[in-house]
Amino acid sequence: MDFFQYQNQRLFAEQCDVTELARQHGTPLYVYSRATIERHWHAFDRAAGKHPHLVCYAVKANSNLGVLSVLAKLGSGFDIVSGGELARVLEAGGDPAKVVFSGVGKTREEIGEALDANILCFNVESEAELARIDEVAGARGKQAPISIRINPDVDAKTHPYISTGLKANKFGVARDHAVRIYQLAASYPNLDVVGMDCHIGSQLTDSTPFVDALDRLLALIDELAEQGIHIRHLDVGGGLGVNYREETPPHPDQYVEALMTRMAQRPDLTLIFEPGRAIMANAGILLTEVEFLKEGEEKNFAIVDAAMNDLLRPALYSAWQRIIEVDQSLQRTHRIYDVVGPVCETGDFLGKDRELGIQAGDLLAVRSAGAYGFVMASNYNSRPRAAEILVDGERAFLVREREKRQDLWKGEHKVS
Ligand SMILES: Cc1ncc(COP(=O)(O)O)c(C=O)c1O
Ligand SMILES: N[C@@H](CCCC[NH3+])C(=O)O
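In this text the structure is predicted, and so the values were computed from the model without any measurement.

Enquirer: Residues and numbers for the overall build of the protein chain, please.
Expert: Across its full length, the protein chain holds eleven helices and 21 strands. What you see for the protein chain is a C-alpha radius of gyration of 23 Å, in line with the 22 Å of a compact globule of 416 residues. Each principal axis of the C-alpha distribution contributes one length, and for the protein chain these read about 70 × 60 × 40 Å. A sequence separation of at least 24 residues applies to 70% of the contacts in the protein chain between residues at least 6 apart. Working note: accessible area of the protein chain is about 18300 Å², and carbon and sulfur atoms make up 47% of it.

Right, here's the structure in full:
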């Protein structure tokens, strides 16, 4: 459930008429709904009930300070993958004691910054990283709290680019080596072994792979306990899918309940979740204006002012996202269009073969654009990046200004 609905055939974000937002702020324009973000976050938090748990929103899905500040106010934790994301979380008012740091390539500098901020845990992805964290912590006279990311080798049955829990992926350490690597971690003087984590992929639409992975990790936790290594928290990662088209992913409560069937017997093991997409995807839309309608030899094109540089998912993964008319009261002839941007690439499309009733100047909304939308935007073709709005009831906050022409060459230098 989200808060983008038609009122008298015009699309609203909560109580804000998006046509007005486009008029005021221009297009392309990302629009997020605070009530939707909060609803999704609470769904995870509530479903875990009294079991000790922490919802660590995956910042990479949407790292706008406005979005992060809404989550920080809820008391959310954060899953970060870079020093830049840590800085954003701190700037937005997030609690560093609720931050977990994932990612395969943490630099010494990033590790130092996270230690200085006293984060909750480093999610370690390799033996070499253990040695590096120990060294950086030692130089600061600190103990680094660590978890090891286990690759449970389950098939997440998702797009190959976003499947991460298989032996062939670059993430985590193999289950078969896990005991040895935990023993190694426990032997380092400046590391404090506190957790275990995994993340098997993104946009999963079935709970079964999550439960399979959990079973494998719980067995490993028991094996480690026999060796005197006691795991205090289990971080099950993110990855819960959303409805883009006809997918029927479990609702966050159903997903959490499926995990709780196993966790109920482990009252002392804190559960950490790292949802990104499930919180943000359907909390955002991308508004775009139709520039031209063009009849090709074989296809009709709706050329719009948003492009692959604004929303990369269709071009990168052939991802399908719903595209809807913002004002359905306009009497337009319906035709089938490829909705394409102005970027000079054949792959620059937002949707193919879409039935739409539009003419030049009309607005379209790309749904489910709140996650992995703006964050993957670029300046390709020297296109300034879009503005972002966060709606809260009747109020709309500009949470990122549209880039200006001169921002395009910020930091660049001419040569004589
Ligand atoms: C370690 C980690 N945690 C959490 C996430 C968030 O995933 P999702 O947006 O699918 O919930 C990702 C990205 O896939 C990730 O790599
Ligand atoms: N960027 C991807 C998800 C990647 C998940 C990051 N670990 C998407 O748009 O679906």
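Enquirer: Got a sec to walk through the pairing of strand E8 (residues 121-124)? Specific residues and values, please.
Expert: Each regular strand carries side chains that alternate between the two faces of the sheet. Residue alternation in E8 divides its side chains into two sets, Cys121 and Asn123 and Phe122 and Val124, and both sets are buried. Pairing of strand E7 (residues 99-101) with E8, which is carried by two bridges, proceeds in the parallel orientation. Among the inter-strand pairings, Val100 is bridged to a residue of E8, identified as Cys121. Each parallel crossover has a hand, and for E7 linked through helix H5 (residues 108-116) to E8 it is right-handed. As defined by bridge partners, E8 adjoins strand E9 (residues 144-151) across three bridges and the pair is classed as parallel. For Phe122, the partnering residue across the bridge sits in E9 and is Ile146. Where the polypeptide runs from E8 across helix H6 (residues 127-139) and back to E9, its parallel neighbour, the crossover connection is right-handed.

Enquirer: Can you tell me about the sheet that holds strand E2 (residues 10-13), naming the residues and giving the values?
Expert: Judged by pairing direction, the sheet is antiparallel, and its three strands sit side by side in the order E1-E2-E3 without closing on themselves. Of all strands in the sheet, those bounded by a partner on one side alone are strand E1 (4-7) and strand E3 (16-17). Sheet topology places E1 next to E2; four bridges connect them, and they run antiparallel. Along E2, the bridge assignment pairs Phe4 with Ala13.

Enquirer: An account of the site of ligand 1 is requested, with residue identities and associated values reported.
Expert: Among the 14 residues in the neighbourhood of ligand 1, the closest are listed as His199, Ser202, Gly239, Glu274 and Tyr372. Within the backbone of Gly276, an N or O atom sits 2.9 Å from an oxygen atom of ligand 1. In isolation ligand 1 exposes 390 Å². Once the protein is present, 91% of that is buried.

Enquirer: Tell me about the packing of aromatic side chains, and please be specific about residues and values.
Expert: In this structure the tally under the stated criterion is seven aromatic pairs. When the ring of Phe44 is compared with that of Tyr255, the centres are 6.1 Å apart and the planes differ by 75°; the resulting orientation is edge-to-face. Placement of the pair is Phe44 in helix H2 (residues 34-47) and Tyr255 in helix H9 (residues 252-263), with a sequence separation of 211 residues. Taking relative accessible area as the criterion, Phe44 reaches 0% and is therefore assigned buried. By relative accessible area, Tyr255 is classed as buried at 2%. Grouped by ring-pair contacts, the aromatic residues Phe44, Phe210, Tyr255 and Phe273 constitute a single cluster. Its guanidinium or amino end placed over the ring of Phe101, Lys106 lies 5.5 Å from that ring's centre, counting from NZ or CZ.

Enquirer: Can you tell me about helix H7 (residues 178-187), naming the residues and giving the values?
Expert: All of the buried residues along H7 are Ala178, Val179, Ile181, Tyr182 and Ala185. When H7 is viewed along its axis, its buried side chains cluster within an angular range of 165° and face the same direction. Buried residues along H7 sit against H6, E9, strand E10 (173-174), strand E11 (191-197) and helix H8 (208-226).

Enquirer: Explain the nonpolar core residue by residue, including any values.
Expert: Core analysis: the largest hydrophobic core is formed by 102 residues, its most contacted members being Tyr57, Phe122, Ile146, Met196 and Leu234. Examining the composition of this core, we find that nine residues originate from one element, H8, more than from any other. Here this core spans two domains, since at least three of its residues come from each of domain 1 (4-32 + 281-409) and domain 2 (34-279). Those residues in contact with Leu234 that lie beyond four places of it in its chain are Met196, Leu214, Leu217, Leu218, Ile221, Met263, Leu269, Thr270, Leu271 and Ile272. Ala13, Cys16, Val18 and Ala387 belong to the second-largest nonpolar core, a separate cluster that totals 18 residues.

Enquirer: Mind laying out the state of the cysteines, listing which residues take part and the relevant values?
Expert: A covalent bond bridging the sulfur atoms of two cysteines is what the word disulfide describes. As enumerated under the stated definition, the model contains zero disulfides in all. As a non-bridged cysteine, Cys56 has Cys121 as the owner of its nearest cysteine sulfur, 9.6 Å distant. Take Cys56: its relative accessible area is 0%, and that puts it in the buried class. With no disulfide of its own, Cys198 lies 13 Å from the sulfur of Cys121, the closest cysteine sulfur.

The rules we used
For every chain, the first residue of its written sequence is number 1, and the numbers climb from 1 along that sequence. The naming scheme follows written order: chains are lettered A onward, ligands numbered 1 onward. The predicted nature of this model means local features are confined to residues of pLDDT at least 70 and side-chain atom pairs, given and counted, to a pLDDT of 80 or more, with totals for whole chains, interfaces and linings taken over all residues. Each side-chain value is worked out from all heavy atoms of the structure, with water and hydrogens disregarded. Strands here are runs of E lasting at least two residues and helices are runs of H or I lasting at least four, both read from the DSSP assignment and numbered beginning at the N terminus. The quantity called the radius of gyration is restricted to C-alpha atoms. Its globule counterpart is 2.2 Å times the number of residues to the power 0.38. In this description, contact between two residues means that some pair of their heavy atoms is separated by no more than 4.5 Å. Only the protein chains shown count as cover for residues, and the accessible areas themselves come from Shrake-Rupley with a 1.4 Å probe. Residue exposure (1.4 Å probe, protein chains only): buried if accessible area is under 20% of the type maximum, exposed if over 50%, otherwise partly exposed. Paired strands, in this sense, are two strands between which DSSP finds at least two bridges. By definition, the crossover connecting two strands over a helix is right-handed if that path, from the first strand to the second, turns clockwise as seen with the strands pointing away from the viewer. Definition of nearness: a residue and a molecule or strand are near each other if at least one heavy atom of the residue lies within 4 Å of the molecule or strand. For the purposes of these results, a polar contact is taken to be a pair of N or O atoms within 3.5 Å, where, inside protein, one atom must be able to donate a hydrogen and its partner to accept one; residues adjacent in sequence count only when each atom of the pair is a side-chain atom. Centres within 6.5 Å are what make two rings of Phe, Tyr or Trp a pair, Trp counting through its six-membered ring; a difference in plane orientation under 30 degrees is then read as stacked, over 60 as edge-to-face, and the rest as tilted. Whether a charge sits over a ring comes down to the Lys NZ or Arg CZ being within 6 Å of the ring centre and within 35 degrees of the ring normal. The directions from the helix axis to the C-beta atoms are what the arc is built from. The criterion is simple. A nonpolar core is a set of buried Ala, Val, Leu, Ile, Met, Phe, Trp, Tyr and Cys residues joined through side-chain atoms within 4.5 Å. Where each domain begins and ends is defined by an automated method or by a domain database. Defined by distance alone, a disulfide is two cysteine sulfur atoms within 2.5 Å.

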